[in-house]
Amino acid sequence: MRRTIAACLVLSPALLCQEPEKVVSGQLGFDVTSQYFFRGLLQENQGIIFQPRVELGYGLYDAEGDDGTLRSLDLRFGLWNSLHDGPTGGAGGIWYESDFYVEVAGKIGERFGASAGYWVYSTPNGTASFSKGAAPVEELVFRVDYDDRGMWFDSIESGLRPWAVLAIEVDGQRDVPSGGHVGTYLELGVEPSFVIGKLGDGDLTLSFPSKIGLSLGDYYERPQANGGNDDFFGYLDVGAEVYAPLTFLPARMGPWDGYAALHLLLLGDNNEARNGGDVSEFVFSFGMSTTF
């Protein structure tokens with residue numbers, strides 16, 4: 001450490017040994033949920049469902065300014081998993097699903113964010129409902145976010161934070177068994193939030209995420225034996241989530257946050273049929289995450 005400081009003072013005294021900008025960042029966390037629905041498609045509703053995840057990001061570009069130009073650009077790699085001890089975590093092991101993705105994400109001006117990525121959904125134990133002979137599903141996924149803070153009433157300081165996701169299946173289908181066509185999915189959502197208290201030096205936050213999932217073509221198909229028709233409306237998800245900093249953890253572990261959430265799902269006709277005829281479901285989840 002002393003040698004580094006001395007070298008800095010000799011080589012660039014005018015900079016006063018400024019700390020180099022962080023180029024690599026990451027996220028690490030897990031969720032535990034009572035039921036696992038993927039975009040309204042039932043995956044598992046029994047036993048323990050544990051979903052760890054990790055993401056690494058590399059900064060490609062960063063610029064200051066508040067105009068409409070590109071302000072930042074990141075390359076991200078992520079791995080998301082779902083481990084089950086219920087029926088879908090049977091003889092093949094508990095590792096039901098493993099998803100890998102790579103994406104490029106940028107920020108344009110002060111308010112817009114956008115990303116484009118390639119996702120591969122696989123099933124290590126071969127039991128996933130979307131799998132045909134353990135073959136993965138591959139998608140192109142595009143997302144746009146808008147930061148509308150300060151544009152609404154004072155009571156909604158966070159803004160509605162709307163987003164849109166477009167996912168295009170390029171190989172395989174998540175709605176297996178179905179009509180057997182690759183599909184296109186559209187998601188629209190908002191997530192207003194409110195600070196409801198303090199916990200140590202951090203905020204206790206209550207948010208109300210809501211989203212709707214739609215088929216733009218062959219995404220929510222009914223099995224061929226039942227007609228094979230496509231359902232435009234897939235599901236509506238309305239939730240309430242509480243986030244809090246985990247201040248009791250040692251500082252050397254980094255800044256961890258915890259959350260607890262309750263969501264109500266209302267399913268379209270074809271997803272209702274996949275869910276045994278139940279049109280609505282409550283899903284409870286909790287988890288932890290950190291950034292570095």
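See the structure above.
My aim in this report is to walk through the structure given alongside it, one point at a time. Model, not experiment: these values are computed from the prediction.

Looking at the packing of aromatic side chains
So, step 1. By the definition in use, this model includes 13 aromatic pairs.
So, step 2. For the ring pair Tyr-101 and Trp-119, a centre distance of 4.2 Å and an interplane angle of 15° mean the geometry is stacked. Placement of Tyr-101 in strand β6 (residues 95–108) and of Trp-119 in strand β7 (residues 112–122) is noted, with a sequence separation of 18 residues between them. Just as Tyr-101 is buried, Trp-119 falls in that class too.
So, step 3. Pairing Phe-284 with Phe-286 gives two aromatic rings, centres 6.3 Å apart and planes at 40°, and the pair type is tilted.

Digging into the pattern of salt bridges
So, step 1. Under the counting rule described, the total for this entry stands at eight salt bridges.
So, step 2. The partner of Arg-39 in a salt bridge is Glu-139, with the nearest N and O atoms 2.8 Å apart. Residue Arg-39 is found in the loop between β2 (36–38) and β3 (41–44), and its partner Glu-139 is found in strand β8 (residues 137–146); the two are separated by 100 residues along the sequence.
So, step 3. Exposure remark for Glu-139: the relative accessible area of 0% places this residue in the buried category.
So, step 4. The partner of Asp-147 in a salt bridge is Arg-149, with the nearest N and O atoms 2.6 Å apart.
So, step 5. What makes Asp-147 buried here is its relative accessible area of 17%.

Here we look at the environment of Glu-55
So, step 1. Within the element layout of this structure, Glu-55 appears in strand β4 (residues 49–62).
So, step 2. When the C-alpha positions of Glu-55 and Thr-291 are compared, they lie 9.3 Å apart, and in sequence the two are 236 residues distant.
So, step 3. Not counting residues up to four positions away in its chain, the partners in contact with Glu-55 are Ser-25, Gly-26, Gln-27, Arg-76, Phe-77, Gly-78, Tyr-101, Glu-103 and Phe-292.
So, step 4. At 2.5 Å, the side chain of Glu-55 and the side chain of Tyr-101 are in polar contact.

Some points on unusual backbone geometry
So, step 1. If you check the backbone angles, Arg-161 has positive phi at about 50° while not being a glycine.
So, step 2. Structurally, the position occupied by Arg-161 is in the loop between β8 and β9 (163–171).
So, step 3. The backbone of Asp-218 shows a phi angle near 60°, a positive value even though the residue is not glycine.
So, step 4. Along the chain, the position of Asp-218 falls in the loop between β13 (210–217) and β14 (233–245).

Here's the deal with the nonpolar core
So, step 1. Formed by 24 residues in total, the largest nonpolar core has its most connected members in Tyr-36, Phe-38, Tyr-121, Val-141, Tyr-185, Tyr-219 and Tyr-220.
So, step 2. Breaking this core down by element, the ones donating at least two residues are β2, β6, β7, β8, β9 and β15 (256–267).
So, step 3. What Tyr-121 contacts, discounting residues up to four positions off in sequence, is Phe-38, Arg-39, Glu-97, Ser-98, Asp-99, Phe-130, Pro-136, Val-137, Glu-139, Val-141 and Arg-174.

Examining the side chain of Gln-35
So, step 1. Inspection of the secondary structure assignment puts Gln-35 in the loop between β1 (24–33) and β2.
So, step 2. For Gln-35, a relative accessible area of 11% corresponds to the buried category.
So, step 3. In terms of polar contacts, Gln-35 uses its side chain to reach the side chain of Glu-281, at 3.1 Å.
So, step 4. Beyond its immediate sequence surroundings of up to four residues, Gln-35 is in contact with Glu-44, Asn-45, Ile-49, Glu-281, Phe-282 and Val-283.

Brief notes about the pairing of β6
So, step 1. As judged from the 13 bridges shared by strand β5 (residues 70–84) and β6, these two strands associate in the antiparallel manner. Its bridge partner lying in β6, Leu-75 is registered against Val-104.
So, step 2. For β6 and β7, the ladder comprises 11 bridges, and the chain directions are antiparallel. When the bridges of β7 are listed, Gly-106 appears paired with Ala-114.
So, step 3. The loop that links β6 with its antiparallel partner β7 comprises three residues; one of these, Gly-109, has a positive phi angle of about 60°.

Points about the environment of Gly-159
So, step 1. One can find Gly-159 in the loop between β8 and β9.
So, step 2. By relative accessible area, Gly-159 is classed as buried at 0%.
So, step 3. Through-space distance from the C-alpha of Gly-159 to that of Arg-149 is 4.3 Å; in sequence the pair is 10 residues apart.
So, step 4. Setting aside anything within four residues of it in sequence, one finds Gly-159 in contact with Asp-148, Arg-149, Trp-152, Glu-191, Pro-192 and Ser-193.

So, how was this worked out
Residues numbered from 1 in each chain as written. Predicted model: local features only at pLDDT ≥ 70, side-chain atom pairs only at ≥ 80, totals over all residues. Heavy atoms only, no water. Phe/Tyr/Trp six-rings, centres within 6.5 Å; stacked < 30°, edge-to-face > 60°. Helix = DSSP H or I, 4+ residues; strand = E, 2+ residues; numbered from the N terminus. Buried < 20%, exposed > 50% of the residue type's maximum accessible area, 1.4 Å probe, protein only. Salt bridge = Lys/Arg side-chain N within 4 Å of Asp/Glu carboxyl O. Contact = heavy atoms within 4.5 Å. Polar contact = N/O pair within 3.5 Å; in protein donor to acceptor, adjacent residues only side chain to side chain. Core = buried A, V, L, I, M, F, W, Y, C linked by side-chain atoms within 4.5 Å. Pairing = 2+ DSSP bridges.

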